[in-house]
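Close look at the chain arrangement
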Amino acid sequence: MKNLEVIVPCYNEEESIAFFERQMEEIFALLPEYRCSILYVNDGSKDGTYQIIKNSSAKKQYVNYISFARNFGKEAAMFAGLFHSAGDFVVVMDADLQHPPELIPQMLDGIKEGYDCCMARRINRKGENIIRQKLSKTFYRIMNLITSIDLVQGSTDYCLMTRQMVDAVLSLHERERFTKGIFQWVGFQKKYIEYENTERIAGESKWSFRSLFRYAISGITAFSVTPLHLASAIGIVVMLAAFIYALYIFGSALSSNAARTGFASIIIILLFLGGMIIFLLGVIGEYLSKIYIEVKQRPAYIIRDTSLKTTERKKQYEENIDHYSGQGDQ
Ligand code: UDP
Ligand code: MG
């Protein structure tokens, strides 16, 4: 019998977890041929999430949790979940039920067809701000243009992977993780399962425009050095333009005796060049900060508490002590 493990990053999800768990139980009941379990990763929630998942884990053998010492972000939470997972098949999904659990049987069918990974893909963005939709589209376009990976428009972090793919994902050791890109970078055969976006069951999205912008920059700098090449290209273009302009001034100085007063043009050129230099330094700075973060080798997260009894989760799985075993598993 194969193990199916569901990893759920949670940040301030006290209102969603009970609904989530009930829905997952319904799905697990449809999958008697798998030993199913949930691994919550509490990402330093400030509400009652920790107590809720701890209580649930105490009552139900198939529920486990990892709780961080503070908020490290969803990327770190997903990484921790994958790192501590031991399932033959691993699902990563949100706690707010925006990722429909009823896709899991379809995802498992995809695996049976021979795919290594089944990813959920939103075909609309209902309930989302129009500016956010447009910005997201632009982000995907830029990513695909300047990186070697192909992000699929609307793809989410919600996916089911084989153990082989999880191990491949974990073999990338970077601290600042851009999971969507990593899932593409490792390759493997992927099947996309489409679904309609739904609004979250309770609470609110943790993403602000600022954090989304940072996320986009982090994705681009993690998978492409094109901005650095672009910086040199821009430098060459500006130099060429300056040379042509110098020729023009030289030519007109020879052909007329008028005194050349170029105050406005000098200011414009100065501001233009100054702005561009600062911008390009910023681009270099982004990469420098990446190197700085990676060189420090700080852990991606710190665990404060966990229900996992042994770091060798495989043993636990073999002993079959933490799996869903029917509706009345209390
Ligand atoms: N999340 C997390 N850490 C964070 C922010 C979010 O673990 O710092 C979790 C959150 O609890 C949820 C998932 O990541 O399960 C997606 O978050 P959210 O619903 O806020 O994002 P959206 O659906 O708006 O993209
Ligand atoms: Mg959500």
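Criteria and thresholds
- Residues numbered from 1 in each chain as written.
- Chains lettered and ligands numbered in written order.
- Predicted model: local features only at pLDDT ≥ 70, side-chain atom pairs only at ≥ 80, totals over all residues.
- Heavy atoms only, no water.
- Helix = DSSP H or I, 4+ residues; strand = E, 2+ residues; numbered from the N terminus.
- Buried < 20%, exposed > 50% of the residue type's maximum accessible area, 1.4 Å probe, protein only.
- Contact = heavy atoms within 4.5 Å.
- Areas by Shrake-Rupley, 256 points an atom, 1.4 Å probe, with all protein chains shown as cover.
- Core = buried A, V, L, I, M, F, W, Y, C linked by side-chain atoms within 4.5 Å.
- Expected span 1.5 Å × (residues − 1).
- Near = heavy atom within 4 Å.
- Polar contact = N/O pair within 3.5 Å; in protein donor to acceptor, adjacent residues only side chain to side chain.
- Nonpolar A, V, L, I, M, F, W, Y, C, P; charged D, E, K, R; others polar.
- Axes fitted to C-alpha atoms, helices over the stretch in contact; angles between N-to-C directions.
- Parallel < 35°, antiparallel > 145°, perpendicular 65-115°, else oblique.
- Pairing = 2+ DSSP bridges.
- Phe/Tyr/Trp six-rings, centres within 6.5 Å; stacked < 30°, edge-to-face > 60°.
- Salt bridge = Lys/Arg side-chain N within 4 Å of Asp/Glu carboxyl O.
- pLDDT = per-residue confidence, 0-100.

This next bit is on the overall build of the protein chain. A count of helices and strands for the protein chain gives 11 helices and 8 strands. Here the C-alpha coordinates of the protein chain stretch approximately 95 × 40 × 35 Å along the principal axes. For the protein chain, the proportion of its 330 residues judged to be buried stands at 45%. Summarising the internal contacts of the protein chain: among those between residues at least 6 apart in sequence, 82% fall at separations of at least 24. Of the roughly 17,700 Å² of accessible surface on the protein chain, a fraction of 61% belongs to carbon and sulfur atoms.

Next up on the list: the nonpolar core. Among the nonpolar cores identified, the biggest contains 40 residues, and Phe68, Leu82, Met143, Met161, Val169 and Tyr301 are the most heavily contacted of them. Tallying contributions element by element places helix 3 (residues 74-84) first for this core, with 6 residues. Aside from chain neighbours lying at most four places away, what touches Tyr301 is Phe68, Phe72, Ala76, Phe79, Ala80, Phe83 and His84. Formed by 35 residues, the second largest nonpolar core is a distinct cluster that contains Ile38, Met93, Ala120 and Tyr158.

Taking 1.5 Å per residue as the helical rise, helix 10 (residues 263-296) with its 34 residues ought to reach 50 Å, and the 48 Å between its terminal C-alpha atoms agrees with that figure. Among the residues of helix 10, those classed as buried are Met276, Leu280, Val283, Tyr287 and Lys290. For helix 10, the secondary structure elements touched by its buried residues are helix 8 (209-223) and helix 9 (226-255).

We now examine the site of ligand 1. Every one of the 17 residues lining ligand 1 counts as a neighbour, but Glu13, Asp43, Arg200, Ser205 and Lys206 are closest to it. Residue Pro9 places a main-chain N or O atom 2.8 Å away from an oxygen atom belonging to ligand 1. In this structure, an oxygen atom belonging to ligand 1 sits 2.6 Å away from a side-chain N or O atom of Glu13. A total of 530 Å² of accessible area belongs to ligand 1 in isolation, and the protein chains cover 90% of it. Tallied by class, the residues present in the shell around ligand 1 amount to 5 nonpolar, 4 polar and 8 charged.

Let us now look at the packing of helix 5 (residues 130-146) against helix 8. Here helix 5 crosses helix 8 at 10°, and the two axes come no closer than 10 Å. Here helix 8 runs roughly parallel to helix 5, going by the angle between their axes. Contacts between helix 5 and helix 8 pair Ile131, Arg132, Leu135, Phe139, Ile142, Met143 and Ile146 from the former with Phe209, Leu212, Ala216, Gly219, Ile220 and Phe223 from the latter. Taken together, the residues of the contact of helix 5 with helix 8 break down into 11 nonpolar, 1 polar and 1 charged.

We now examine the sheet that holds strand 8 (residues 303-306). The strand order across the open sheet built from 8 strands is 7-5-6-4-1-2-3-8, with neighbouring strands paired in mixed fashion. Two strands bound the open sheet, and with one partner strand each, they are strand 7 (190-195) and strand 8. When the angles between neighbouring strand axes are averaged without regard to direction, this sheet yields 20°. Across the face of the sheet, helix 4 (residues 103-112) comes into contact with strand 1 (2-10), strand 2 (34-42), strand 4 (89-92), strand 5 (117-122), strand 6 (155-162) and strand 7 while running at roughly 50° to strand 6.

Below, the discussion takes up the packing of aromatic side chains. Following the criterion strictly, the structure yields 13 aromatic pairs and no others. Relative to Tyr301, the ring of Phe68 lies with its centre 5.1 Å away and its plane at 10°, an arrangement referred to as stacked. In this pair, Phe68 is assigned in strand 3 (residues 63-68) and Tyr301 in the loop between helix 10 and strand 8, connecting sequence segments 233 residues apart. Judged by relative accessible area, which is 12%, Tyr301 ranks as buried.

With that settled, the discussion passes to the pattern of salt bridges. Pairing is possible between side chains of opposite charge, provided their charged atoms come close. For the structure on display, the rule yields 12 salt bridges. Asp305 is the partner of Lys54 in a salt bridge, and the nearest nitrogen-oxygen pair spans 3.7 Å. In this pair, Lys54 sits in helix 2 (residues 49-59) while Asp305 sits in strand 8, placing the two residues 251 residues apart along the sequence. The buried category is assigned to Asp305, whose relative accessible area is 19%. With its nearest N and O atoms 2.9 Å apart, the salt bridge here joins Lys74 to Asp94. Residue Lys74 is found in helix 3, and its partner Asp94 is found in the loop between strand 4 and helix 4; the two are separated by 20 residues along the sequence. Owing to a relative accessible area of 25%, Lys74 belongs among the partly exposed residues under this scheme. Taking the relative accessible area as the measure of exposure, Asp94 reaches 16% and is therefore buried. The network of salt bridges with shared partners includes Glu21, Glu25 and Lys60.

On to the confidence of the model for the protein chain, then. Detailed conclusions should not be drawn from predicted coordinates in areas where pLDDT is low. Mean pLDDT for the protein chain: 85, with 92% of residues reaching 70 or above. Mean pLDDT across the secondary structure elements of the protein chain bottoms out at helix 11 (residues 313-318), with 54, and peaks at strand 4, with 96.

With respect to the helices and strands, Thr221 occurs in helix 8. Within the local environment of Thr221, its side chain forms a polar contact with the backbone oxygen of Ile217, the two atoms lying 2.8 Å apart. A distance of 3.3 Å separates a polar side-chain atom of Thr221 from the backbone oxygen of Ser218. Sequence-distant contacts of Thr221, that is, excluding residues within four places in its chain, are made with Glu286, Tyr287 and Lys290.

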